[in-house]
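Single-letter residue listing:
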Amino acid sequence: MLHNFYGTNGSLPTAEVVDGPEGKLYGTTFQGGVTDKGVAYRIAKDGTEFELLHEFGAAEGDGVNPVGNLLVGRDGWLYGTCFAGGTINAGTIFRLRSDGSEYSTLRDLTAEDGTAIQSSLIEARDGQLYGTASRGGAN
């Protein structure tokens, strides 16, 4: 065991960790943190240096309950998805730097986009991000 999640530092770590910049592991938890709506974190491969990078739901319109693995983009940013939250509580797509700075919502999802995301993003050769949703869409 590398780390014991216990509430304020995150709980329900359902996504896999990813190998990221600085030789550290990056991940999210579905719940936990001060808001109990999930966190993004990094940790050294030996289990030391655990650090919270972002607490979801702390700001108005923020995504909550992150799902899927983080994606380390070719540009060095970390990308991810949230099951809920955003301006209409339909989920979000977000990015942040590997040190936790410059967190931003890239897209507030709508029924037309698709909602109830439960998967990770992928980055195609053209640099575009792709993902799936279990509800919504044009049909």
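See the structure printed just above.
Just so we're clear, the structure is a prediction, and the values are computed from it rather than from any experiment. (Residues numbered from 1 in each chain as written. Predicted model: local features only at pLDDT ≥ 70, side-chain atom pairs only at ≥ 80, totals over all residues. Heavy atoms only, no water.)

**Q** Which parts of the structure should I look at to understand the overall build of the protein chain?
**A** A tally of regular secondary structure across the protein chain gives zero helices and ten strands. Relative to the compact-globule value of 14 Å for 139 residues, the protein chain shows a C-alpha radius of gyration of 14 Å, a close match. Taking the principal axes of its C-alpha atoms as reference, the protein chain extends roughly 45 × 35 × 25 Å. Taking all 139 residues of the protein chain together, the buried fraction comes to 42%. Summed over its atoms, the accessible surface of the protein chain is roughly 7200 Å², and 48% of this surface lies on carbon and sulfur atoms. One way to put it: in the protein chain the 10 positive side-chain charges average out to a point 4 Å from where the 18 negative ones average out. (Helix = DSSP H or I, 4+ residues; strand = E, 2+ residues; numbered from the N terminus. Rg over C-alpha atoms; globule rule 2.2 N^0.38 Å. Buried < 20%, exposed > 50% of the residue type's maximum accessible area, 1.4 Å probe, protein only. Areas by Shrake-Rupley, 256 points an atom, 1.4 Å probe, with all protein chains shown as cover. Lys, Arg positive; Asp, Glu negative; His and termini not counted. Charge placed at Lys NZ, Arg CZ, Asp CG, Glu CD.)

**Q** How should the nonpolar core be read in this particular structure?
**A** Note that soluble globular proteins tend to have their nonpolar side chains buried in a common cluster. In terms of nonpolar packing, the biggest core is built from ten residues, these being Val-18, Tyr-26, Ala-40, Leu-53, Phe-56, Leu-70, Leu-78, Cys-82, Phe-94 and Leu-96. Counting only elements with at least two residues in this core, the list comes to strand E6 (78-85) and strand E7 (92-96). When neighbours within four sequence positions are excluded, Cys-82 is seen to be in contact with Phe-56, Gly-63, Val-64, Asn-65, Pro-66, Val-67, Gly-91, Thr-92 and Phe-94. Of all hydrophobic cores here, the second largest spans eight residues; its members include Val-67, Tyr-79, Ile-93 and Ile-117. (Core = buried A, V, L, I, M, F, W, Y, C linked by side-chain atoms within 4.5 Å. Contact = heavy atoms within 4.5 Å.)

**Q** I would appreciate a short explanation of the environment of Asp-62 in the present structure.
**A** Here Asp-62 shows up in the loop between strand E4 (51-55) and strand E5 (63-72). Asp-62 sits in the buried class, given a relative accessible area of 7%. Between the C-alpha atoms of Asp-62 and Gly-85, which are 23 residues apart in sequence, the distance is 5.9 Å. The contact partners of Asp-62, leaving out residues within four places of it in the chain, are His-54, Glu-55, Phe-56, Gly-57, Gly-85, Gly-86 and Tyr-103. Within the structure, the side chain of Asp-62 is placed 3.0 Å from the side chain of His-54, a separation counted as a polar contact. (Polar contact = N/O pair within 3.5 Å; in protein donor to acceptor, adjacent residues only side chain to side chain.)

**Q** Is there a simple way to think about the pattern of salt bridges in this case?
**A** Note that side chains of opposite charge can pair when their charged atoms are close. For the structure on display, the rule yields seven salt bridges. One salt bridge connects Glu-49 with Lys-24, and the closest N-O pair in it is separated by 2.8 Å. Pair noted here: Glu-49 is in the loop between strand E3 (39-44) and E4 and Lys-24 is in strand E2 (residues 24-29), with a separation of 25 residues, a long-range link. Here the salt bridges share partners, and the residues they tie into one network are Glu-22, Arg-42 and Glu-51. (Salt bridge = Lys/Arg side-chain N within 4 Å of Asp/Glu carboxyl O.)

**Q** For this particular structure, what's the right way to read the pairing of E6?
**A** Counted residue by residue, E6 has seven buried out of eight residues, so it is predominantly covered. Taken together, E5 and the strand that follows it, E6, pair antiparallel across an intervening segment of five residues, in which Gly-76 is found at a positive phi of about 90°. Direction of pairing for E6 relative to E7: antiparallel, over a ladder of five bridges. The partner of Gly-80 across the bridge, within E7, is Phe-94. (Pairing = 2+ DSSP bridges.)

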